[in-house]
Amino acid sequence: MSVLSLIKMFSAPLVCLGVLLFPPMLSAESFSGDASGRLFHVQGSNTVGASLMKNLLVGYFQAQGVADIDVTPSLVANEYRVGGTINGRFVYVDVAAHGSSTGFQALLAGDADLSMSSRPIKAAEVARMQSYGDMRAFEAEHVIAIDGLAVIVSRANPLTQLSLDQIAAIFSGQVTNWQQVGGEDLPINVFARDDRSGTWDTFKSLVLRKRYTLSAQASRYESNDELSDLVAADPGGIGFVGLASVRHARALRVSDEGTAPLLPHKVSVATEDYVLSRRLFLYTPPTLKTAAIRDFVHFVQTDAGQKQVERTGFVSQSLTAIAAQKVRQGPLDYLQATEGASRLSVNFRFSEGSASLDNKALHDIRRVVDYMQRQENQHKQLTLVGFGDANDSDSRALILSKLRAVAVKTKLHKEGIKSQPVEGFGAYLPVASNSGKGKLKNQRVEIWVK
């Protein structure tokens, strides 16, 4: 794609964010549901469904004035009902959390209205559900939280960090003793999520990639929490879980080629700089949306909904300013551009194969607008800093990194938020390898405020 084409795409008009992103909350009278009082049925990811969906639904019911809220487990493991009373009527939502792929299958079968996923929808799933509308459209795909895929070991294991290649070698069975990666002379026991899990899909994509297959000796589990507790009790164990399920185990620092090893801490996960960061999704087919579903999805994106994300143990998308000394490193020009500023806890990223901001970035534009409109921030100034990947020449990477920053600047300007002249630093400071999906992570825009 030519630079001129990129400029044209970057200058495309933005849909009215104030209306599209954050419509007004509906009243309690919108709780019509079906004849039994069921508002909607949710299926899919165990990572999302185990606790996060439960807490989001309880928070949503509370915000709408529902009384006598109760969570009732089903006789089937990883299924439950959240219900309560409003206007003298019992209303409820059913949840089944058996893995991301099961959510999309349930949508197709007519057994669910909303799908939870801990990985993006696959092209084949999009194709099978084309009668529901575009499942990758802004109206259908909703990032609800950020998660760091934690690689965990027992607290009795003294090892503190591994590279992605080392992790892949362990989980594929090529490395079978901790001594081979700098640890003690102890056999390695591998624990992994099952094939229906979005967490497994993410791990396979980010770690095993197309070069490795999971060891036949690995033990497989549907539940994040169960896996974590088994690893914590096994000095030779290693596994991977969502951030909210580290529990009594210990997360390792993880690095990729050319990047510093990072723990899945709040800052590195929120900005998606941590190499195994991932997004958690809700998918709402446009043709199946009801007033209650639209209302619930809106609640999830508000500060009240994101507080439930934090309470569950994941990383919210609400913006915070991070002290500069904790995150500033890099070339002199970068240090000068960000001198005296704090970094906001978000990176803007772009749709794969496109110069357009992705669905999360469109929501984040609204969050930045809300942040800057707070009275305590109205005097502050924003600086946008773009980055690219090393697959382009230095000069082209520099130009494209500036154009990405211009894209964000344009969106913010249309919402009445001004910013300083943009900065671009090409392929400096990669947060992932430039091969595969890592290239897309490196194409980003940071936002600094002072």
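All values derive from a computational prediction rather than experimental measurement.

A. Local environment of the pairing of strand E4 (residues 89-97). The element E4 is extensively covered by neighbouring structure, given that seven of its nine residues are classed as buried. Note that strand E1 (residues 38-44) and E4 share six bridges and pair parallel. Looking at the pairing, Phe40 lines up with Val93 of E4. Direction of pairing for strand E3 (residues 79-86) relative to E4: antiparallel, over a ladder of eight bridges. Residue pairing across strands places Gly83 opposite Tyr92, the latter belonging to E4. Counting the residues between successive antiparallel strands, the hairpin from E3 to E4 contains two residues, one of them, Asn87, with a positive phi of roughly 55°.

B. A look at helix H4 (residues 52-63). With twelve residues, H4 ought to run about 16 Å at 1.5 Å a step, and its terminal C-alpha atoms sit 16 Å apart, in line with that. By the burial criterion, the buried members of H4 are Leu52, Met53, Leu56, Leu57, Val58, Gly59, Tyr60 and Phe61. Just past H4, the residue Gly65 takes up positive phi, approximately 85°.

C. Just the nonpolar core, in detail. Among the nonpolar cores identified, the biggest contains 49 residues, and Ile170, Phe171 and Ile238 are the most heavily contacted of them. For this core, the element with the highest residue contribution is helix H7 (residues 164-171), accounting for six residues. Sequence-distant contacts of Phe171, defined by excluding residues within four places in its chain, comprise Val190, Phe191, Phe203, Leu208, Thr213, Leu214, Ser215, Ile238, Gly239 and Phe240. Listed in part, the 33 residues of the second largest apolar core include Phe40, Ala97, Ala292 and Val297.

Conventions and cut-offs
- Residues numbered from 1 in each chain as written.
- Predicted model: local features only at pLDDT ≥ 70, side-chain atom pairs only at ≥ 80, totals over all residues.
- Heavy atoms only, no water.
- Buried < 20%, exposed > 50% of the residue type's maximum accessible area, 1.4 Å probe, protein only.
- Helix = DSSP H or I, 4+ residues; strand = E, 2+ residues; numbered from the N terminus.
- Pairing = 2+ DSSP bridges.
- Expected span 1.5 Å × (residues − 1).
- Core = buried A, V, L, I, M, F, W, Y, C linked by side-chain atoms within 4.5 Å.
- Contact = heavy atoms within 4.5 Å.

By themselves, these observations are geometric and do not establish any function.
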